[in-house]
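# Structural overview for review
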Amino acid sequence: MFKNKVKNIPQHIGIIMDGNGRWASLQGLPRNMGHKEGINAVDRTIDALIKLGVSVVSFFAFSTENWKRSEQEITGIFNLVRDFLHSKRNNFKERGVKITTMGELEPFPEDLKKELELIKEDTKNNKKLTVNLALNYGGRADIVRAVNKLINEGAKEVTEKEILENLYSSDLPEPDFIIRTSGEKRISNFMLYQMAYSELYFPKVLWPNFNERHLRKALKEYAKRNRRFGGIK
Ligand code: IPE
Ligand code: IPE
Ligand code: MG
């Protein structure tokens, strides 16, 4: 189902987009200008991923912990995501980009929820690149939700496979490669269950500066990794 064009390219890349605030501070700009540039980096990265033949990308856009930020910053992020999706809907539809989400969308403003609904519906049959947006997403919440779903269906015990099949990302392969920009070396509650055997990569570049060159460098690094999954090679 998920075919790659180039050998040794990860099928699914997870991206923890970090450094928007620091990028803005460095330019003497308000934090939301960093998020604005961050959206442009998402746009560029989607183009590059299509070109390189990656099948799935999961972007960490808003975590369950990001509600701790100011209302102004949070609203700014929601508006940027809404406007971006609105402006790209036809383009994505035509270029084979399928938009999916993971995370609890219920607390979001109605206009953002509506935009998400529209773009998911419009792009649902697309096959070239799946762009999975992690919105109000937390890895722990994802696992707890999966287990509760199973309990509500009558389970007394659960298996690893059942949990995996009930995560938000159940239709997607597990991420092969996780990139976190800005030099922070932590996971911050992203896809905890799914990344058991993901290769991790922490480039220093701040997310708003991320471009095709950084992506190619990351993929070069990935290609050199020896994935053993606990076995011997
Ligand atoms: C990542 O950039 C974007 C979100 C978490 C929404 P940050 O806003 O965390 O940027 P820094 O870490 O403050 O530089
Ligand atoms: C992780 O970045 C969340 C997203 C990229 C959406 P944060 O900036 O929120 O993570 P911490 O607080 O530095 O761990
Ligand atoms: Mg950050």
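Above this text you will find the structure in question.
Because the structure is a prediction, the values reported are computed rather than measured. (Residues numbered from 1 in each chain as written. Chains lettered and ligands numbered in written order. Predicted model: local features only at pLDDT ≥ 70, side-chain atom pairs only at ≥ 80, totals over all residues. Heavy atoms only, no water.)

### What to know about the overall build of the protein
Our working rule: Going along the chain from the N terminus, every DSSP run of H or I of four or more residues is numbered as a helix, and every run of E of two or more is numbered as a strand. Only the C-alpha atoms count toward the radius of gyration. The rule for a globule is 2.2 Å times the residue count to the power 0.38. The buried label goes to any residue with under 20% of its type's maximum accessible area, the exposed label to any with over 50%, and the partly exposed label to all in between, with areas taken from a 1.4 Å probe on protein chains only.
Along its length, the protein carries 7 helices and 6 strands. Counted from the first residue to the last, the protein has its helices and strands arranged as β-α-α-β-α-β-α-β-α-α-β-β-α. Taken against the 2.2 N^0.38 rule, which gives 17 Å for 233 residues, the C-alpha radius of gyration of the protein at 17 Å falls within 12% of a compact globule. Each of the 233 residues in the protein was classed as buried or not, and the buried ones make up 50%.

### Brief notes about the pattern of salt bridges
Inclusion rule: Definition used for salt bridges: Asp or Glu carboxyl oxygen within 4 Å of a side-chain nitrogen of Lys or Arg.
Inspection of every chain in the model, using the stated rule, returns 23 salt bridges. Between Glu 115 and Arg 89 there is a salt bridge; the shortest N-O distance is 3.5 Å. Taken together, the positions of Glu 115 in helix H4 (residues 110-123) and Arg 89 in helix H3 (residues 71-95) put the pair 26 residues apart, joining distant regions of the chain. Taking the shortest distance from any N to any O, the salt bridge between Glu 221 and Arg 225 comes out at 2.7 Å.

### Overview of the site of ligand 1
Our working definition: Throughout this document, a residue counts as near a molecule or strand when at least one of its heavy atoms sits within 4 Å of that molecule or strand. Pairing of N or O atoms within 3.5 Å defines a polar contact, subject to two protein rules: one partner must be a possible hydrogen donor and the other a possible acceptor, and residues neighboring in sequence count only if both atoms are side-chain atoms. The Shrake-Rupley method, run with a 1.4 Å probe, gives the accessible areas here. Residue values count only the displayed protein chains as cover. Basically, the charged four are Asp, Glu, Lys and Arg, the nonpolar ten are Ala, Val, Leu, Ile, Met, Phe, Trp, Tyr, Cys and Pro, and anything else, Gly included, counts as polar.
As a matter of local geometry, ligand 1 sits amid Met 17, Asp 18, Gly 19, Asn 20, Gly 21, Arg 22, Arg 31, His 35, Ala 61, Asn 66, Arg 69 and Ile 77. Within the side chain of Asp 18, one N or O atom sits 2.8 Å away from an oxygen atom of ligand 1. Gly 21 places a polar main-chain atom, nitrogen or oxygen, 2.9 Å from an oxygen atom of ligand 1. For ligand 1, the accessible surface in isolation is 380 Å², of which the surrounding protein chains cover 86%. Looking at the shell around ligand 1, the elements that each hand over two or more residues are helix H1 (20-26) and helix H2 (31-52). Among the elements that line the shell around ligand 1, the one with the most residues is H1, at 3 residues. Counted by class, the shell around ligand 1 contains 3 nonpolar, 5 polar and 4 charged residues.

### Observations regarding the side chain of His 35
The criterion, for reference: Two residues qualify as a contact provided that any one of their heavy atoms is within 4.5 Å of a heavy atom in the partner residue.
Examined against the element boundaries, His 35 turns out to sit in helix H2. Among the residues examined, His 35 registers a relative accessible area of 9% and is labelled buried. Other than its neighbours up to four places away in sequence, His 35 contacts Asn 20, Arg 69, Glu 73, Ile 77 and Leu 80.

### Here we look at helix H5 (residues 139-152)
This is how it is decided: In this scheme, a helix's expected span is set at 1.5 Å multiplied by one less than its residue total. The arc in question is the one traced by the directions running from the helix axis out to the C-beta atoms.
Between its first and last C-alpha atoms H5 spans 20 Å; for 14 residues at 1.5 Å apiece the expected length is 20 Å, and the two agree. Those residues of H5 not exposed but buried are Gly 139, Asp 142, Ala 146 and Leu 150. Along H5, the residues classed as buried sweep out an arc of 70° about the axis, all on the same side. Opposite the packed face of H5, turned more than 90 degrees from it, sit the exposed residues Arg 140 and Asn 152. The inward-facing, buried residues of H5 abut strand E4 (129-137) and helix H6 (160-165). Count one or two residues on from H5 and you reach Gly 154, which has phi positive near 105°.

### Looking at the packing of aromatic side chains
Definition in use: Any two of the Phe, Tyr and Trp rings considered here, Trp counted by its six-membered ring, make a pair once their centres fall within 6.5 Å; the pair's planes then place it as stacked at under 30 degrees, edge-to-face at over 60, or tilted in between. By definition, being over a ring means that NZ of Lys or CZ of Arg is both within 6 Å of the ring centre and within 35 degrees of the ring normal.
One pass over the full model with this rule turns up 16 aromatic pairs. Here Tyr 137 and Phe 190 contribute two aromatic rings whose centre-to-centre distance is 6.3 Å and whose plane-to-plane angle is 75°, an arrangement assigned as edge-to-face. Remark: Phe 190 occurs in the loop between strand E5 (177-180) and strand E6 (199-201) and Tyr 137 occurs in strand E4; sequence separation between them is 53 residues. Comparing Tyr 137 with Phe 190 shows no difference in burial state: the two are buried. In this structure an aromatic cluster arises from ring pairing among Phe 60, Tyr 137, Tyr 168 and Phe 190. Positioned above the aromatic ring of Tyr 168, the side-chain terminus of Arg 145 is 3.7 Å from the ring centre.

### Section: the sheet that holds strand E2 (residues 56-63)
This is how the line gets drawn: Two strands qualify as a pair provided that DSSP identifies no fewer than 2 bridges between them. Lines are fitted to the C-alpha atoms to define the axes, a helix being fitted only along its stretch in contact, and any angle between axes, read from their N-to-C directions, falls within 0 to 180 degrees.
One open sheet accounts for 6 strands, arranged E3-E4-E2-E1-E5-E6; its pairing is parallel. The open sheet terminates on both sides in strands that have one partner only, identified here as strand E3 (97-102) and E6. If you compare each strand with its neighbour and ignore which way they point, the axes differ by 20° on average. As defined by bridge partners, strand E1 (residues 12-16) adjoins E5 across 4 bridges and the pair is classed as parallel.

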